[in-house]
Amino acid sequence: MQQNRITTLFGIQYPIIQAGMIWASGWRLAAAVSNAGGLGIIGAGSMYPDVLRAHIQACKSATNKPFGVNVPLLYPDTGQLMQLIIEEKVPIVFTSAGSPKTWTATLKQAGITVVQVVSSTALALKSEAAGVDAIVAEGFEAGGHNGREETTTMVLIPAVAAQLRIPLIAAGGIASGKAMAAAFALGAEGVQVGSRFVATPEASVHHLFKQAVVAAGEGDTILALKKLTPVRLLKNNFYDAIKKAEDSGADIDTLKTLLGRARAKAGMFEGNMQDGELEIGQVSALIKDIKPAADVVLEIWTEFIAATQQLGRLFT
């Protein structure tokens, strides 16, 4: 493959990035994706500082390829996480759910490549101005926490690409090479894949959650908790309770009480499939099996090449 700006920036073989998802993206998944030629990401959102350090060190032992850490900026111990990331000389950091101005300069002074995850063109441009090296533009289809704009990937990627000068990575609803080809046609130079990597043996979520992802169909996920931080969920008893509360006009405090603490851990990590929070993307409806992360990387890349070649032949 000829290199593009994303593969060159990260020092990877394929412009395929595994999303840093809470409870799913530990060192085993990150190392497996990096060893397969993509970019593996440890998801720090569900980790205390000492746990993150252990995952970083284990990942270093499991791969000599580049890997990164995703840090949601909304948590109170972000400063501790960033300090240990600098101490451990992590080469790449993806930041999300916060202002790109807060940590970009500090990380770049430490020689770290910085990527910001955004849900709008406005935030993409603010991130570029703050000095980040690349942008992940994530559409409304994505799992986990979403932007309030509810802009779909098909609309967001070309809108951002038209104004951005730095490299753009597409995310949201991407689990195949065909979807990757579509993202490239819209102006992306790489893709970030989340839900497809949840359905792998290396993902650290509970096996019951993986099975639920594979069993999901169209319409089985929905965006909820918009008064708090919007999040895409698989429907279950917890979602039903949230919907009932929202439909009755529940205020923020009521929703916070209903959400409680460690709800996502209970669902995705511990396997409470009825009362836990089950975060996953719409594309789960297209995921039909659990397979090794390396196979996922190769499958996406092979299908991407085939799809682009097929498109080239359509009008010849």
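The following paragraphs examine the structure supplied in this document. (Residues numbered from 1 in each chain as written. Predicted model: local features only at pLDDT ≥ 70, side-chain atom pairs only at ≥ 80, totals over all residues. Heavy atoms only, no water.)

## Looking at the overall build of the protein chain
Then comes step 1: When helices and strands are tallied, the protein chain shows 14 helices and 11 strands.
Then comes step 2: Taking the principal axes of its C-alpha atoms as reference, the protein chain extends roughly 55 × 50 × 35 Å.
Then comes step 3: Expressed as a percentage of the 316 residues in the protein chain, the buried residues total 54%.
Then comes step 4: In the form shown here, the protein chain has an accessible surface area of approximately 13,600 Å², with 54% of it arising from carbon and sulfur atoms.
Then comes step 5: Each charge class in the protein chain can be summarised by its mean position, and for the 27 positive and 27 negative side chains these summaries are 3 Å apart. (Helix = DSSP H or I, 4+ residues; strand = E, 2+ residues; numbered from the N terminus. Buried < 20%, exposed > 50% of the residue type's maximum accessible area, 1.4 Å probe, protein only. Areas by Shrake-Rupley, 256 points an atom, 1.4 Å probe, with all protein chains shown as cover. Lys, Arg positive; Asp, Glu negative; His and termini not counted. Charge placed at Lys NZ, Arg CZ, Asp CG, Glu CD.)

## Looking at the packing of helix α8 (residues 177–185) against helix α14 (residues 293–313)
Then comes step 1: With their axes 7 Å apart at the nearest point, α8 and α14 run at an angle of 55 degrees to one another. By the angle between their directions, the pair α8 and α14 is classed as oblique. Relative to α14, α8 is oriented so that their crossing is right-handed. Residues Gly-177, Lys-178, Met-180, Ala-181 and Phe-184 of α8 touch α14, and the partners they reach there are Ile-300, Trp-301, Glu-303, Phe-304, Ala-307 and Thr-308.
Then comes step 2: Classifying every residue of the contact of α8 with α14 gives 7 nonpolar, 2 polar and 2 charged. (Axes fitted to C-alpha atoms, helices over the stretch in contact; angles between N-to-C directions. Parallel < 35°, antiparallel > 145°, perpendicular 65-115°, else oblique. Left-handed = near helix turned anticlockwise from the far one by under 90°. Contact = heavy atoms within 4.5 Å. Nonpolar A, V, L, I, M, F, W, Y, C, P; charged D, E, K, R; others polar.)

## Concerning the nonpolar core
Then comes step 1: With 77 residues, the main nonpolar core has Leu-52, Ile-85 and Phe-209 as its most contacted residues.
Then comes step 2: In this structure Ile-85 touches Leu-52, Ile-56, Val-69, Val-71, Val-90, Val-93 and Ile-112, once residues within four positions along its chain are discounted.
Then comes step 3: The next biggest cluster of nonpolar side chains, apart from the first, holds 14 residues, and it includes Ile-17, Ile-92, Phe-94 and Val-136. (Core = buried A, V, L, I, M, F, W, Y, C linked by side-chain atoms within 4.5 Å.)

## Structural notes on the sheet that holds strand β8 (residues 168–171)
Then comes step 1: A sheet is described by the order of its strands in space; here 8 strands give the open sequence β1-β9-β8-β6-β5-β4-β3-β2, paired in parallel fashion. The sheet terminates laterally at β1 (16–18) and β2 (40–43), the two strands that pair on one side only. If you compare each strand with its neighbour and ignore which way they point, the axes differ by 25 degrees on average.
Then comes step 2: With 3 bridges joining them, β1 and strand β9 (residues 190–193) adopt parallel strand pairing. Pairing of Gln-18 across the sheet is with Val-193, part of β9.
Then comes step 3: Relative to strand β3 (residues 67–72), helix α4 (residues 78–87) is tilted by about 165 degrees, and along the sheet it contacts β3 and β4 (92–96).
Then comes step 4: Running over the sheet, helix α6 (residues 121–130) touches β5 (113–118) and β6 (134–138) and is turned about 165 degrees from β5. (Pairing = 2+ DSSP bridges.)

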